[in-house]
Structures are given as C-alpha cells and as structure tokens.
Amino acid sequence: MQDSVSHSHSTELVNKNLIRHWLWWGLVWLTVFPLVGLLVSIKFHNPGFLGETSWLTFGRLRPVHVNGVIFGAFSTPLLGILYYLVPRLCGRPMAKEHWGWWALWGWNLFLVTGSVSLLLGYNLGFEADEFEWPFNILRWVVLALIGGQVLATIFRRREQGFYVSLWYTIAALIWTLMNLILGNVILPYLEMSGISNAALHGLYIHYVVGLWITPAGLAIMYYFVPLATHKPLFSHRLSLLGFWTIAFLYPFVGTHHYIFSPIPYHNQTISIVTSMLLIIPVWAVVTNLFGTALGRWGSIAGGKDGDSYAAKFLMLATFYYLVGCFQGSIEALRRMQELTHFNDFVVSHAHFTVFGTFVVAVVGAMYYLWPRLTGNQLWSTRLASWHLWLTIAGSAVMLLGLTAQGFIQGGMLEYGANFVDTVVEMKPWWVGRTLAGATMDLGFLCMAINFVMTARHGKSLQAEGQEPEDVSAHPAAEEVNWFVRPSSVFIIAGIGFFMTAVIVQGILPSLLPQTFSPEVKNARTGLTTKVSDYGPL
C-alpha cells in the first residue's frame, strides 16, 4: 500500500469486527489444541494416564492435536488475517466481504464437529488426513469460498504492485484446494496400487506442511516483518528467488519419508535432491527477513509496545525457520534416514517448522494487529514478555531434546539394542518434553489474558496521540513483471508445478516395470530375495 493512501480510506478497506472475531476464535484454538498435545505427551511416559476411556486414548487424542494445531491454532488466525492483508495490499475491500462471517462459522463448525468425530473413533486412517468425508467437504467449501474472495480481490485490485505476500497467498490456497482433493478423495476412495498409495500419501502429508502452512505462513511473515520493524523489505529479488524455488522444488520432496521403500529408487533420489536444494529458498527468505530488521535490532529488543513484541516473535520464527528447514533437508539424506527415521528426530523437525516457525509467526502478526483492531494499547508488556520467554524456553528444551532423542535411540538401535530398552531410555526425555510443552502452553495463557484485557481495559491509542493504523509502514508496491503476475502464479506455480510433481512422484512410480518385480535386494549385503505371490490366509 502506498503512502498516499489516506488514513480514513485505509480503515475502510478492512472489516475490523470480522477480523476481531476470527482472531478471538484463533486465540481459543491456540489455547485448546496445544493443551490436547500436552495430554498426549504425558501418555508417552505414563501410558495409563486418563485411564482406558476410549475417547481419551492416544489413538483418539493425537489426531485431534495434530489436525487441531494445523487447521485450528495456525489456520484460524491466518484466515482471519487474510481479511486484513489482502484488502490493504490490493487497495480495495475484500470481495463479498460478508461471506467472511459464513466462512468463520463454517470453519469453527468443521473444527468442533471434526474433532468430536475423531474422539468418537471416526477416522480415515491416513496421517493428517483423518477426518471423514462430511467434515472434509465442509473444510474444502470454506477454503474455496475464501480463495474465491481472495482471487476476486486480487484480480480487481486498485494497486498496480503485486506484493510478495499475495504471491504466497494465491499459491497456498490453490495448492491446498488441490491437495485436499488428493488426500480426501483420491487416496481413500480410489483403487490404486500400494506403491501409488504410499507415494501419494507422502506427497499429501508433505503438501499440508509445505504447500499450505509454509506459503501461508511466509505470506504473513513477508507482510508483517516490514510493518513491525518499520522498514521496507530488504530485497525484492530475494523474494522472487525464494518464492519460485519453493514453488518448483517443494512439490517433489514428499517421497523423502519413504526412503528404502519399494518406491522406485530414482523417485527417492529426486526427493532427496529437491530436499537439499530447498536450502536455497530458505536462505533467501531468512536473509530477506533478517536483512529487513538490519539496523533495528536494538529497538526491537528494547521495545515495549505491540509492534516490538510482534517483531520479536517474527524474528524468533525466522530463526526457527532456518534451523527447522536445515534439519528437514539433512533428514532426507539416506544415512540420516537410517539413523533417525521413525524416531523423535522427525517429531522435532515437525515442531520446529509448524509450531516454532509458523504458529509463532502468526502469534507475532496477532500482536501487531490486536492493538489496531481494538483501538487500545497492549494491556501488559510484562505478560507479553512472559509469553515470549516461556515460548523460547519451552520450545528450545522440547526441540533440542527431541533432536537428541532421535540420535540416542537411533544409535542404540544401530548398535543392536532391544527396542524396548530404547523406549525405557527415552522415558526421562519424554518427561522433559511434557514440562517444555506445559511451559509453552503457559505462554499462550499469558497471551490470551493479555489480549482479553487489552480489548476490555487497554489505554486508547488515540488518547496517547497514536494512530491505530500506521499507513506509512506498509510494504512498498513493486513493479509487476510476467513472473509475478497473478495469472502466472496461479497457472505456473499453483497448478503446473503441483500437477507435474503428482504425476512424476505419485502416479508414474506404480506404472514402472521395477515396481512389479518379485525380487528384493538387500541394501547392505547385496543379496537378492524372491518374494512369493500374495495369497489369502
């Protein structure tokens, strides 16, 4: 948004009441679903916790936590923030703005009824794809509705520039709508070979993280880091490099969770190579965001207002993005897979990226927006500080502990230890993980209290002579070239790369001759074993 936009005009672009309601519910789910994860973590070191009640067992609670964090704690506030971000960057109100209310209630209906269904035992049986068809339809319809609003607003925008956050927003919505068809329709209901089922599920689950959480989260970070630090974006060219390399590489990496599987060797290699190449966009994004904050670190660290705490959380998220994605890239290497696959190293990586990076980034955006949406200053900087440090302490202990657990358990198994003995060895580490999780949940409680009190009892921004909207801090519009036009992002990045990866990594593997070979070669000894035909028991 350009500086020439008047304050009165900018405030008309967004429906603050609608966004507040989205963020209120986001605050609820940020508190509830991580708490479910805390209960699940206790079951690792105390399996009898909560007794034998079926809907409180590990198998029922874990999918509630995983899906709740992805689609509740992260996605709810993010979708609400789109009703702020998109109009401000397009220079016009969101198309069919009143649809946002239907989307809000539909989304919450999906989260509540879907979570209850999981507790009752209704489960498709696919990781991160557990909801049954009625809830999947509701989720898809809500996202399609919001996606339609976003696209209509972008294609009818008044601003000539097309800022990087909008690239990621379009791509995230298009990728996710297609991915949900893959995961909710094709995987569970279409007959296919076991090879295709495994390969496509590897793509689906990685697309949830890499083609929804990552691009949607980066849209938030690219928008709010310049605003919170009060500096323009460091480099437009780096944002181009980061976006197009993510769009091209990430659709191919999902198979790296199936190294040493019957999926053809060259498909596994493609996923390893693209996983390693993802270091390029990660470095581009991190350099761009840290470069934006260059010269402002002192004021960010010492600041006591909502913008400063927004910047602190966003910088923490940027750091975790660097560490978590580096961890994910090396995790794809065959030697690392031998050591760490199926243990807590993988869990560490998931928490580094989903929670440490993108949930924390959304929290930073909420700290920036909440005073502007309520018209009040942040009620307590002390509570904000407690939230920040509880998040840092809890996440550092959890993530480093889980990483260490992966190396310890993997090393024990490689040296011939009994699996049960490795589980016993993990017990004190799991206790530490629970305590770390409780620390992080206390941070969310501080945030919830602070936001409620800000809305009810915070000092008015106008009373302090401050504008509730800092128009001059909006990211500058950039020149639009063919490779950053909405149509190019939609067709090439959104559809082209996605479909190419699904065909190459998900469909072709089951059609290749080697997938029908009855022989299996031992990777260590080189000996070949013939597998007998399958027959019924």
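Residue numbers restart at each chain and count upward from 1, following the sequence in its written direction. Given that the model is predicted, a residue must reach a pLDDT of at least 70 before its local features are reported, and side-chain atom pairs must reach 80 or more before they are shown or counted; all residues, however, enter totals for whole chains, interfaces and linings. Hydrogens and water molecules were not included; the side-chain quantities draw on all heavy atoms of the structure.

## Section: the overall build of the protein chain
Stated precisely, the cut-off is as follows: Helix and strand definitions here come from DSSP, where helices need a minimum of 4 consecutive H or I residues and strands a minimum of 2 consecutive E residues; each element is numbered from the N-terminal end. To get the radius of gyration, use the C-alpha atoms; to get the globule rule, take the number of residues to the power 0.38 and multiply by 2.2 Å. Categorising residues by exposure relies on relative accessible area from a 1.4 Å probe, with only protein chains included: less than 20% of the type maximum marks a residue as buried, more than 50% marks it as exposed, and the intermediate range marks it as partly exposed. Contacts: residue pairs with any heavy atoms within 4.5 Å of one another. Only four residue types enter the tally: Lys and Arg on the positive side, Asp and Glu on the negative side, with His and both chain ends excluded. Charge positions are represented by NZ for Lys, CZ for Arg, CG for Asp and CD for Glu.
Helix and strand content of the protein chain: 17 helices and two strands. Against the globule reference of 24 Å for 537 residues, the protein chain gives a C-alpha radius of gyration of 23 Å, in line with a compact fold. Summarising its shape, the C-alpha atoms of the protein chain cover approximately 80 × 50 × 45 Å along the three principal directions. Within the protein chain, buried positions represent 56% of all 537 residues. Restricting to contacts in the protein chain with at least 6 residues of sequence separation, those with at least 24 account for 83%. Across the protein chain, the mean location of the 29 positive side-chain charges is 5 Å away from that of the 27 negative side-chain charges.

## Quick look at the environment of Leu30
Along the polypeptide, Leu30 turns up in helix 2 (residues 16-45). The residues touching Leu30, leaving out its near neighbours within four places in the chain, are Ala73, Val359, Val363, Met366, Phe444 and Met447.

## Observations concerning unusual backbone geometry
The phi torsion at Ala128 lies on the positive side, around 60°, for a residue other than glycine. One can find Ala128 in the loop between helix 4 (99-119) and helix 5 (133-155). Since its relative accessible area comes to 4%, Ala128 is described here as buried. Of note in this structure, His230 is not a glycine but carries a positive phi near 60°. As for its placement among the helices and strands, His230 is situated in the loop between helix 7 (194-229) and helix 8 (236-249). The class for His230 is partly exposed, based on a relative accessible area of 36%.

## Here we look at the pattern of salt bridges
Selection rule: Salt bridges are identified by distance alone: a Lys or Arg side-chain nitrogen within 4 Å of an Asp or Glu carboxyl oxygen.
The tally for this structure, following the rule as stated, stands at four salt bridges. Notably, a salt bridge pairs Asp307 with Arg372, separated by 2.8 Å at the nearest N-O pair. Remark: Arg372 occurs in helix 14 (residues 344-374) and Asp307 occurs in helix 12 (residues 306-331); sequence separation between them is 65 residues. Across the pair, Arg372 and Asp307 agree in class, each one buried. Note that Arg335 is salt-bridged to Glu338, the shortest N-O span being 3.5 Å. In this pair, Arg335 and Glu338 are both assigned in helix 13 (residues 334-340), three residues apart and thus about one turn of the helix distant. Residue classification places Arg335 among the partly exposed positions, given a relative accessible area of 46%. Residue classification places Glu338 among the partly exposed residues on the basis of a relative accessible area of 37%.

## Section: the environment of Trp107
Put simply, the test is: Throughout this description, a polar contact denotes any pair of N or O atoms lying within 3.5 Å of each other; where both atoms belong to protein, one of them has to be capable of donating a hydrogen while the other can accept it, and for residues adjacent in sequence the pair is counted only when both atoms sit in side chains.
Relative to the helices and strands, Trp107 resides in helix 4. Along the sequence, Trp107 and Leu79 sit 28 residues apart, while their C-alpha atoms lie 9.7 Å from each other. In this structure the side chain of Trp107 is engaged in a polar contact, spanning 3.2 Å, whose partner is the side chain of Thr76.

## Points about the packing of helix 3 (residues 58-90) against helix 4
Selection criterion: Axis geometry follows a simple rule: fit a line to the C-alpha atoms, using only the stretch in contact for helices, then measure angles between N-to-C directions, giving values from 0 to 180 degrees. Any angle from 65 to 115 degrees is called roughly perpendicular, while one under 35 is roughly parallel, one over 145 is roughly antiparallel, and all others are oblique. When residue character is reported, Ala, Val, Leu, Ile, Met, Phe, Trp, Tyr, Cys and Pro are called nonpolar, Asp, Glu, Lys and Arg charged, and the others, Gly included, polar.
Their axes nearest at 9 Å, the elements helix 3 and helix 4 cross at an angle of 175°. In terms of orientation, helix 3 and helix 4 fall into the roughly antiparallel class. Seen from helix 3, the contacting residues are Arg60, Leu61, Pro63, Val64, Asn67, Phe71, Gly72, Ser75, Thr76, Leu79 and Tyr83; seen from helix 4, they are Gly100, Ala103, Trp107, Phe110, Leu111, Ser115, Leu118 and Leu119. Partitioned by chemical class, the residues of the contact of helix 3 with helix 4 number twelve nonpolar, six polar and one charged.

## Overview of the packing of aromatic side chains
The following threshold applies: For this analysis, a ring pair means two rings from Phe, Tyr or Trp (six-membered ring only for Trp) whose centres lie within 6.5 Å, classed as stacked if their planes differ by under 30 degrees, edge-to-face if by over 60, and tilted for the remaining angles. We call a charge positioned over a ring when the NZ of a Lys or the CZ of an Arg lies within 6 Å of the ring centre and within 35 degrees of the ring normal.
If you walk through the whole model with that rule in mind, you get 32 aromatic pairs. On the numbers, 6.2 Å between centres and 85° between planes, the contact of Trp25 with Trp105 is edge-to-face. Of this pair, Trp25 sits in helix 2 while Trp105 sits in helix 4, and the two are 80 residues apart along the sequence. The rings of Trp167, Tyr168, Tyr222, Phe243, Trp244, Phe248, Phe252 and Phe497 are connected pair by pair, giving a single aromatic cluster. The cationic tip of Arg433 hangs over the ring face of Phe44; the distance from NZ or CZ to the ring centre is 5.0 Å.

## Concerning the packing of helix 2 against helix 16 (residues 419-457)
Just so we agree on the cut-off: Each crossing gets its handedness from the near helix: less than a right angle anticlockwise from the far helix is left-handed, clockwise is right-handed.
Two numbers describe how helix 2 lies on helix 16: the axes approach to 9 Å, and their chain directions differ by 165°. Taken as axis vectors, helix 2 and helix 16 run roughly antiparallel relative to one another. Considering the relative orientation of helix 2 and helix 16, their crossing is left-handed. In the contact of helix 2 with helix 16, the residues fall into 17 nonpolar, five polar and three charged.

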